[in-house]
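Chain and residue survey
This is what each chain is made of:
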Amino acid sequence: MKRVVCPGSFDPITYGHLDIIDRAAKLFDEVTIAVLVNQTKQSLFTVEERMAMISEVTAQYSNVKIDSWSGLLVDYCKNQGIDSIVKGLRAVTDFDYELQMSQINYQLQGIETLFMSTSPAHSFLSSSLIKEIASHGGDVSGYVPAQILERLGKRLADQRSAKK
Ligand code: PNS
């Protein structure tokens, strides 16, 4: 059985992530979406919220699983017996960092990283940019599914009223 991990912060999941997940689900028998906990990064949604949102928008895939992990990605892969990672490459700007990650992950535990080129329609998307646009009242309805848009709107509204 061909299994792969699709890792990320997913804070929140976007159409860019979903494009990669959709294509990976067609290539592999099982795709595990791993929500990585980054202690140094301030997130808008908790890991549990992110997992619940991912679960809603990937419900149609019978071969997609969702999990979370707070250590090294390669340790997660080893623990699960999965030997490859799939990642989307948006642009040249992603390349240096992703190459470095893939090389170190291979050296650490022999885990392979497979890069999928992001569809041009999504190549400019990032969760951070979407949060920034939405926080200034910009329209991000074309970048995230409706369920995510609703949660994002609510969370940002809650944050605004908490600051008042
Ligand atoms: O969605 P993101 O924030 O771009 O995803 C980055 C992520 C979470 C995949 C990456 O930071 C990661 O793999 N973090 C886990 C810790 C780790 O294994 N770091 C790299 C080895 S030195």
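Figured I'd write up the structure that's included with this text.

Analysis parameters
Going along each chain's sequence as written, the residues are numbered from 1 onward. A pLDDT threshold of at least 70 governs which residues receive local features in this predicted model, and a stricter bar of 80 or more applies before side-chain atom pairs are shown or counted, although totals over entire chains, interfaces and linings include all residues. Excluding hydrogens and water, the side-chain figures rest on all heavy atoms present in the structure. Here a strand is any run of E in DSSP of at least two residues, a helix any run of H or I of at least four, and the numbering for each starts at the N terminus. Any pair of nitrogen or oxygen atoms within 3.5 Å is treated as a polar contact; in protein, a donor-acceptor pairing is required on top of that, and neighbouring residues in sequence qualify only through side-chain atoms on both sides. Proximity criterion: a residue is near a molecule or strand once any of its heavy atoms comes within 4 Å of it. All accessible areas in this document rest on Shrake-Rupley with a 1.4 Å probe, and a residue is counted as covered only by the protein chains that are shown. Here the term cavity refers to a set of points on a 1 Å grid, laid over the protein atoms alone, in which a 1.4 Å probe fits but cannot get out; the term pocket refers to an open set having protein on both sides within 12 Å along at least five of seven lines, with lining residues being those that place an atom within 4 Å of a point. Each molecule is assigned to a cavity or pocket provided more than half of its atoms lie within 2 Å of the corresponding grid points. Basically, the charged four are Asp, Glu, Lys and Arg, the nonpolar ten are Ala, Val, Leu, Ile, Met, Phe, Trp, Tyr, Cys and Pro, and anything else, Gly included, counts as polar. Like-charged residues are merged into a patch within 9 Å and nonpolar side chains (Val, Leu, Ile, Met, Phe, Trp, Tyr) within 5 Å, provided each residue has over 30% relative accessible area and no salt bridge. By salt bridge we mean one thing: a side-chain nitrogen of Lys or Arg within 4 Å of a carboxyl oxygen of Asp or Glu. Residue exposure (1.4 Å probe, protein chains only): buried if accessible area is under 20% of the type maximum, exposed if over 50%, otherwise partly exposed. Here a residue-residue contact requires only that any non-hydrogen atoms of the pair lie within 4.5 Å. Geometry of aromatic contacts follows a simple scheme: Phe, Tyr and Trp rings, the Trp one being its six-membered ring, pair when their centres are within 6.5 Å, and the pair is stacked under 30 degrees between planes, edge-to-face over 60, tilted otherwise. For a ring to carry a charge above it, either NZ of a lysine or CZ of an arginine must fall within 6 Å of the ring centroid while also lying within 35 degrees of the normal to the ring plane.

For the bond running from aspartate 11 to proline 12, omega is 5°, close enough to zero to count as cis. Relative to the helices and strands, proline 12 resides in the loop between β1 (3-8) and α1 (15-27).

Let us now look at the environment of lysine 2. Within the element layout of this structure, lysine 2 appears in the segment before β1. When the C-alpha atoms of lysine 2 and isoleucine 20 are compared, they prove to be 16 Å apart, with 18 residues separating the residues in sequence. Polar side-chain contacts of lysine 2 include one of 3.1 Å to the backbone oxygen of leucine 27.

The next thing to look at is the site of the ligand. Neighbouring the ligand are Pro7, Gly8, Ser9, Leu36, Lys41, Gly71, Leu72, Leu73, Lys87, Tyr97, Met101 and Asn105. Lysine 41 is positioned such that a nitrogen or oxygen atom in its side chain is 3.0 Å from an oxygen atom of the ligand. A distance of 2.8 Å separates an oxygen atom of the ligand from a polar backbone atom of leucine 73. Protein coverage of the free-state accessible area of the ligand, which is 550 Å², stands at 71%. Structurally, the ligand is housed in the largest pocket. Looking at the shell around the ligand, the elements with two or more residues in it are β1 and α4 (92-109). The biggest single contributor to the shell around the ligand is α4, with 3 residues. Its residues assigned to classes, the shell around the ligand shows 6 nonpolar, 4 polar and 2 charged.

Before going further, it helps to examine a nonpolar patch on the surface. There is a patch of nonpolar side chains on the surface, built from Leu72, Ile104 and Leu108 and spanning about 280 Å² of accessible area. Here leucine 108 lies in helix α4. The exposure class assigned to leucine 108 is partly exposed, which follows from its relative accessible area of 46%.

So, about the environment of valine 47. Along the chain, the position of valine 47 falls in helix α2 (residues 47-57). When the C-alpha atoms of valine 47 and valine 35 are compared, they prove to be 6.9 Å apart, with 12 residues separating the residues in sequence. Setting aside chain neighbours within four positions, we find valine 47 in contact with Val35, Val37 and Ser68.

Two aromatic rings are characterised by how far apart their centres lie and by the angle between their planes. Tallied over the full model, the rule gives 2 aromatic pairs. When the centroid spacing of 5.8 Å and the interplanar angle of 80° are considered together, the rings of phenylalanine 124 and tyrosine 143 count as edge-to-face. Of this pair, phenylalanine 124 sits in the loop between β5 (112-117) and α5 (127-135) while tyrosine 143 sits in the loop between α5 and α6 (146-163); the two residues are 19 residues apart in sequence, bridging distant segments of the chain. Tyrosine 143 gets classed as partly exposed once you look at its relative accessible area, which sits at 25%. Sitting over the face of the ring of phenylalanine 28, lysine 2 holds its NZ or CZ atom 6.0 Å from the ring centroid.

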